[in-house]
2 protein chains.
Amino acid sequence: MTTYHHGDLRAAVLAAARKMVEKEGLAGLSVREAARRAGVSHNAPYRHFADREALLAALVAEGFEQLNAALENRAGRELGEAYVAFALQHPQRFRLMFSGPRGNAELQARFADSFAALGADADAAGAAAWSLVHGLAMLILEGRLASSPAFVRKVLGAMRFAAAPQRSA
Amino acid sequence: MTTYHHGDLRAAVLAAARKMVEKEGLAGLSVREAARRAGVSHNAPYRHFADREALLAALVAEGFEQLNAALENRAGRELGEAYVAFALQHPQRFRLMFSGPRGNAELQARFADSFAALGADADAAGAAAWSLVHGLAMLILEGRLASSPAFVRKVLGAMRFAAAPQRSA
DNA sequence: TGCCGCAAGTTGACAATGGCAACATGAGCA
DNA sequence: TGCTCATGTTGCCATTGTCAACTTGCGGCA
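Because the structure is predicted, anything quoted here is derived from the model rather than measured. (Residues numbered from 1 in each chain as written. Chains lettered and ligands numbered in written order. Predicted model: local features only at pLDDT ≥ 70, side-chain atom pairs only at ≥ 80, totals over all residues. Heavy atoms only, no water.)

Points about the overall build of chain A
Each helix and strand in chain A was counted, giving 8 helices and 1 strand. Taken from N to C terminus, the helices and strands of chain A fall in the order α-α-α-α-α-α-α-α-β. In chain A, buried positions account for 47% of the 169 residues. If you take every contact in chain A between residues at least 6 apart in sequence, the share linking residues at least 24 apart comes to 63%. Total accessible area computed for chain A in this model is approximately 8500 Å², and 50% of it derives from carbon and sulfur atoms. (Helix = DSSP H or I, 4+ residues; strand = E, 2+ residues; numbered from the N terminus. Buried < 20%, exposed > 50% of the residue type's maximum accessible area, 1.4 Å probe, protein only. Contact = heavy atoms within 4.5 Å. Areas by Shrake-Rupley, 256 points an atom, 1.4 Å probe, with all protein chains shown as cover.)

Comments concerning the interface of chain A and chain B
By a widely used convention, the size of an interface equals the accessible area lost when the partners come together. Listed as interface residues are 36 residues of chain A and, on the opposing side, 36 residues of chain B. Carbon and sulfur atoms supply 64% of the area buried between chain A and chain B, which totals about 3400 Å² over both sides. The tally of links from chain A across to chain B stands at 0 salt bridges. Among the secondary structure elements, those contributing two or more residues to the side of chain A that touches chain B are helix 5 (91-97), helix 6 (105-116), helix 7 (124-141), helix 8 (149-157) and strand 1 (159-161) of chain A. Relative to strand 1 (residues 159-161) of chain B, strand 1 of chain A runs antiparallel, the two sharing 3 bridges. (Buried area = accessible area lost by both parts, 1.4 Å probe. Salt bridge = Lys/Arg side-chain N within 4 Å of Asp/Glu carboxyl O. Pairing = 2+ DSSP bridges.)

Topic: the side chain of His 134 of chain A
Among the secondary structure elements, His 134 of chain A is positioned in helix 7. On the accessibility criterion, His 134 of chain A (1% relative accessible area) is buried. Setting aside residues no more than four positions away along its own chain, His 134 of chain A makes contact with Tyr 83, Phe 94 and Phe 98 of chain A together with Gly 135, Met 138 and Leu 139 of chain B.

Thoughts on the environment of Ala 35 of chain A
Residues and elements named next belong to chain A. As for its placement among the helices and strands, Ala 35 is situated in helix 2 (residues 31-38). Overall, the relative accessible area of 0% leaves Ala 35 in the buried class. For the pair Ala 35 and Ala 12, spaced 23 residues apart in the sequence, the C-alpha separation amounts to 8.7 Å. Excluding anything up to four places from it in sequence, Ala 35 contacts Val 40, Ser 41, His 42 and Pro 45.

Observations concerning the protein's contact with DNA strand D
Close to DNA strand D lie 25 residues, the nearest being Ser 41 and His 48 of chain A together with Arg 32, Arg 36 and Asn 43 of chain B. Here, DNA strand D places atoms within 4 Å of the protein, and 49% of those atoms are sugar or phosphate. Taking Tyr 46 of chain B, its side chain carries an N or O atom lying 3.2 Å from a phosphate oxygen of DNA strand D. The leading source of residues in the surface near DNA strand D is helix 2 (residues 31-38) of chain B, at 3 residues. (Near = heavy atom within 4 Å. Polar contact = N/O pair within 3.5 Å; in protein donor to acceptor, adjacent residues only side chain to side chain.)

Digging into the pattern of salt bridges
All names here are of chain A. Applying the stated rule across the entire model yields 13 salt bridges over all chains. Here Glu 33 and Arg 36 are joined by a salt bridge, their closest N and O atoms 2.4 Å apart. Taken together, the positions of Glu 33 and Arg 36, both in helix 2 and 3 residues apart, correspond to about one turn of that helix. Judged by its relative accessible area of 23%, Glu 33 is partly exposed. Residue Glu 62 is joined to Arg 93 by a salt bridge in which the shortest nitrogen-to-oxygen separation is 3.5 Å. With Glu 62 in helix 3 (residues 52-71) and Arg 93 in helix 5, the pair connects residues that are 31 residues apart, well separated along the chain. Comparing Glu 62 with Arg 93, the two get one shared label, buried. Beyond isolated ion pairs, a larger network of salt bridges with shared partners links Arg 18, Glu 22, Glu 62 and Arg 93.

Let's talk about helix 8 of chain A
Looking at helix 8 of chain A, one finds that the buried residues are Phe 151, Val 152, Val 155 and Leu 156 of chain A. The buried residues of helix 8 of chain A occupy one face: seen down the axis, they fall within an arc of 130°. Of the surrounding elements, those touching the buried residues of helix 8 of chain A are helix 4 (76-89), helix 7 and strand 1 of chain A together with helix 7 (124-141) of chain B. (Arc of directions from axis to C-beta.)

Structure below.
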């Protein structure tokens, strides 16, 4: 299912695409260019990805896996800092994750995974925490706020939960 | 300086572009299509905008003006809610503003304008407040959090400043 | 008043892209 | 040994951004 003529084209194309996106962002990804870099003809990728969107979606999925891993076994302040740190380490990827192809089932699932950690969704406190770190990350990436770890710590420390922060587990 | 052959092409193209972006987002904007809708030849817009990016940038500038207006004379909780409300009312535009052409001088200026209101920049508390509302807006637009005004209020109410919130003016 | 320059628009061309359709190839099973 | 179907390939098309060269007509100047 993986290795036929090429060896593992799907992975090769994905890798090429990853590089392109990491360097130039969403707009920098061209299916044809990815094919070129993988050493195949311009249409070969379409055997593995329905269209450009699908390729993007795969990249996004990858990203959420990584983010998920980066957040594992962290909680409280540490969790928030790890979240921001991830964004700063993979700016384009992070950006893509939150502005790429919307409404993807698999993607939604991974989303949930990654953020259950923050107590997300219906829980207002969790949502607030998530919003805080997410907004901070975005604004830093946008160049609107400083990116020094010290500043990040200070900002995250400037807020606290209003009521009792409900940590279930 | 404005009205020559067409009447006011710049405005017409801008209007067309605005509509396209509002309906389909960043990717939905095509210079040629905008020209078509303005009833001119495909290259006419280039007399008014250096390239696609420049057109986008103009749209972004517009957006910040509007956002600025929407935030005027508001403070505290009300400010935050207005910020989120703006994002929900102009989803694509808001998105564009924070992921469009980066590193634009004029744009930076308007940025500053819009968020001085939130006490922004070096001030950690202001940055935190901004991060909170911005993150919330983004996550709602992304479909990750509920969009009901009640929920928004609850989330914003779930956080408070850790130390004395320094409101200068 | 009549002419002319320069901004505003137009036409035509090019390379690149996403995507479709028809064809080629070779790995693995019967 | 030979067939089949996934994997790749070749050609093709419409669309797009953008450049270059040409046209048009408003407004100032002689």
